[in-house]
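In case you want the letters, here they are:
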Amino acid sequence: MVILHFFSQAAPSRPKWTLRSTGDYRRPEGLTDEEWHDRLAQAYHPHGEWHCPQSQAEAEEQWRDLQAVWEATFREAAGLCPRGGSPLARVGAVACRPKGSPGATVAAKALGARVLDAGTFKERRLAKLVGRARERARTNQAGEARTLDTKINNGWPRDMAQPTDWEEQRTELEDALKKHRDERRQQALTRWRRTLAGGGAPAHAWLKRKADPSPVALHNGGEASSGHTEALDMVAAYWRSVWDRPLQPSPGDAADTWRQSAGAPRAPLDWQPFTAAELRQTLSRSQGVAAGISGWSVRELKALPDAAWDDFAEAANGWFNAGYIPRSWREQRMILLPKPGKRPRADGAWNVTTLRPISIQCALWRLLMSTWLQRPSTSAWIHSWIPACFHGGIKGKDVHGALYEFDDLVNAKGWGMATLDLATAFDRAHPSLVLTCLRHLGAPMVLAQALQTAWESQTRWITWGPHAHPDGQHVTASLPQGDPLSPLGLIAMLVAPAADVARRAPRARSSVF
């Protein structure tokens, strides 16, 4: 007797990764916001006097100490650990890491199975019938075939005509299931686009949903990706070609050309230290933006007591004055959003070039930059050098004002119009050139040094749906699209080209948005 064993060797599945999460310190049920704030105030132990760090290592140590105190405060207020216990004793899950710590990935299976959307009742019923119809096509057992026929007949949708041939039944059911899923997907996309178009809190809330609205597959002109891991590799490869592009001309040569049309350099704006009061005021107007790599959400920061902001303002001023900022402020979670008006190809795969990268930074860095931008002195400085033809990224101006200026010239006087779209403008703007422009226009020296550290040594963690690329991407030659000051940097870089156009074509009218 000869026994033959046949083995089917499938290609090994590639591991999936996700970002290692941090603790979630939401308000306990049964407490009002005021009660939760009071409990945190009682639990907080002020750090005391902060000194200016003498090295990057010392600044990192101060940052870790502050983060540990904040986490311990939340745990003590919630009764999760006794007073005096280890501040990092419990984070909430094995895979969690401390708040403010560097980003890291973990194998997706280590976090447990992900609960998938089971679909509507109609979708589940159709899927069950499709499975039975396919099984009916495979079976050679008469008894099993009769049983399946009975189940298919009993479950057949009343709004569908039922063919007598079982092959036609299977085709009808498969087409009905596909149509229902396509309609459901289109409805979800329509709701999602309306939400994003509205902006503000609803758009940011989308980032926190457990559902995965990301396109199923990606491509870059070739075959579609077969899963999240391959899609992430495709995204990383495309953006590495942008981040590692040849710099021609070099940032130094480009800066020399820029200065020729920018006019005389301006005296630097005086730097004013941050105060706890203005940080709290800016925070009170902030919406629920998704947390960055540091893990702190706006909701959690709003619950912190005033004493915590006194400590943070003093520590942050020391870091800015010394020229050292925490590593966590240079790390970003990069998400990808479809650009408006773009569509997938026939097989449903999206081109990686049609996805806009949004860099979500540490909420505390965003808070500091937003606070500086909202100061009256900052607004006066910006309006002292920004040309009147600029409309984008400026408070009180928008695209409608930009187009209004051309309405009379084009429609009434018959002028011609030419447009120029700077594709991937943020990611092709080199931080070194942008900082040269900002310094020339009079940006505070302390701020420029902090921006140089934050922008010229970024780490971006690419995410796609619930998964992440296992390696953080080191980026040195692109502005982070998501930093509150990136639009201002882009505007500063375009000041000289706009002036050059006005000099070369004095009768032309320009509008920059």
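So, how was this worked out
- Residue numbering note: each chain is counted from 1, following its sequence as written.
- For this predicted model, a pLDDT threshold of at least 70 governs which residues receive local features, and a threshold of 80 or more governs which side-chain atom pairs are given and counted, while totals over whole chains, interfaces and linings are taken from all residues.
- Side-chain metrics rest on all non-hydrogen atoms present in the structure, leaving aside hydrogens and water.
- Here a helix means four or more residues in a row that DSSP labels H or I, a strand means two or more in a row labelled E, and each is numbered from the N terminus.
- Whether two residues are in contact is decided by their heavy atoms: any pair within 4.5 Å suffices.
- Computed by Shrake-Rupley with a 1.4 Å probe, the accessible areas treat only the displayed protein chains as cover when residues are assessed.
- Among buried residues, the Ala, Val, Leu, Ile, Met, Phe, Trp, Tyr and Cys ones that are joined through side-chain atoms within 4.5 Å form a nonpolar core.
- Remark: exposure states derive from per-residue accessible area (1.4 Å probe, protein chains only) relative to the maximum for the residue type, with buried under 20%, exposed over 50%, and partly exposed in between.
- Here a salt bridge means any side-chain nitrogen of Lys or Arg lying within 4 Å of a carboxyl oxygen belonging to Asp or Glu.
- Following DSSP output, two strands are said to pair if at least two bridges run between them.
- Aromatic pairs are defined between Phe, Tyr and Trp rings, using the six-membered ring for Trp, whenever the two ring centres lie within 6.5 Å; interplanar angles under 30 degrees are classed as stacked, those over 60 as edge-to-face, and all others as tilted.
- Either the NZ atom of lysine or the CZ atom of arginine qualifies as a charge over a ring when it sits within 6 Å of the ring centre and within 35 degrees of the ring normal.
- What goes into a patch is any residue over 30% in relative accessible area without a salt bridge, connected to like charges within 9 Å or, for nonpolar side chains (Val, Leu, Ile, Met, Phe, Trp, Tyr), within 5 Å.
- Charged-residue counts in this description rest on Lys and Arg as positive and Asp and Glu as negative, His and the chain ends being excluded.
- A charged residue contributes its charge at one atom only: NZ of Lys, CZ of Arg, CG of Asp or CD of Glu.

**Some remarks on the overall build of the protein chain**
Piece 1. Summing up its helical and strand segments, the protein chain has 18 helices and nine strands in all.
Piece 2. If you take every contact in the protein chain between residues at least 6 apart in sequence, the share linking residues at least 24 apart comes to 76%.
Piece 3. Working note: accessible area of the protein chain is about 27800 Å², and carbon and sulfur atoms make up 53% of it.

**Regarding the nonpolar core**
Piece 1. Core analysis: the largest hydrophobic core is formed by 77 residues, its most contacted members being W70, W309, F312, W329, L364, W365 and W385.
Piece 2. If you look at the next biggest cluster of nonpolar residues, it comprises 18 residues, including V235, W243, L336 and L355.

**Brief notes about the pattern of salt bridges**
Piece 1. Taken as a whole, this structure holds 19 salt bridges when the rule is applied.
Piece 2. Residues E71 and R75 are paired through a salt bridge, measuring 3.6 Å at the closest nitrogen-oxygen approach. Of this pair, E71 and R75 both sit in helix α2 (residues 56-78), four residues apart, which is roughly one turn of the helix. For the pair E71 and R75, one class covers both residues: buried.

**As for the pairing of strand β7 (residues 458-464)**
Piece 1. Along β7, seven of the seven residues are buried, which leaves the element largely enclosed by surrounding structure.
Piece 2. Residues Q458, R460, I462 and W464 line one face of β7 and the alternating positions T459, W461 and T463 line the opposite face, and both faces are buried.
Piece 3. For β7 and strand β9 (residues 473-475), the ladder comprises three bridges, and the chain directions are antiparallel. Each residue of the ladder has a partner; that of T459, found in β9, is H474.
Piece 4. Across two bridges, β7 lies against strand β8 (residues 467-468) in antiparallel orientation. Residue pairing in the sheet places W464 in a bridge with H467 of β8.
Piece 5. Turn length for the β7-β8 hairpin, with the two strands adjacent in sequence and antiparallel, is two residues, and the turn residue G465 shows positive phi of about 65°.

**Some words on the packing of aromatic side chains**
Piece 1. Considering all chains together, one arrives at 22 aromatic pairs under this definition.
Piece 2. On the numbers, 5.8 Å between centres and 90° between planes, the contact of W309 with F312 is edge-to-face. Residue W309 and its partner F312 are located together in helix α11 (residues 306-322), separated by three residues, close to a single helical turn.
Piece 3. Residue class for F312 comes out buried when judged on its relative accessible area of 0%.
Piece 4. Positioned above the aromatic ring of W296, the side-chain terminus of K99 is 4.9 Å from the ring centre.
Piece 5. In this arrangement the basic side chain of R375 is found over the ring face of W271, its NZ or CZ atom lying 5.9 Å from the centre.

**Here we look at a negative patch on the surface**
Piece 1. A cluster of acidic side chains, namely D165, E168, E172 and D175, defines a negative patch on the protein surface.
Piece 2. Inspection of the secondary structure puts E168 in helix α5 (residues 166-198).
Piece 3. We classify E168 as partly exposed; its relative accessible area is 45%.

**What about a positive patch on the surface?**
Piece 1. A contiguous patch of positive charge, built from K122, R125, R158 and K179, is present on the exposed surface.
Piece 2. In this fold, K122 is placed in helix α3 (residues 121-138).

**What to know about helix α12 (residues 363-373)**
In an α-helix, one turn spans 3.6 residues; hence positions three or four apart end up facing the same way.
Piece 1. Of all eleven residues making up α12, nine are buried, and the element is well covered by its neighbours.
Piece 2. Taken residue by residue, α12 has A363, L364, W365, R366, L367, L368, M369, T371 and W372 as its buried positions.

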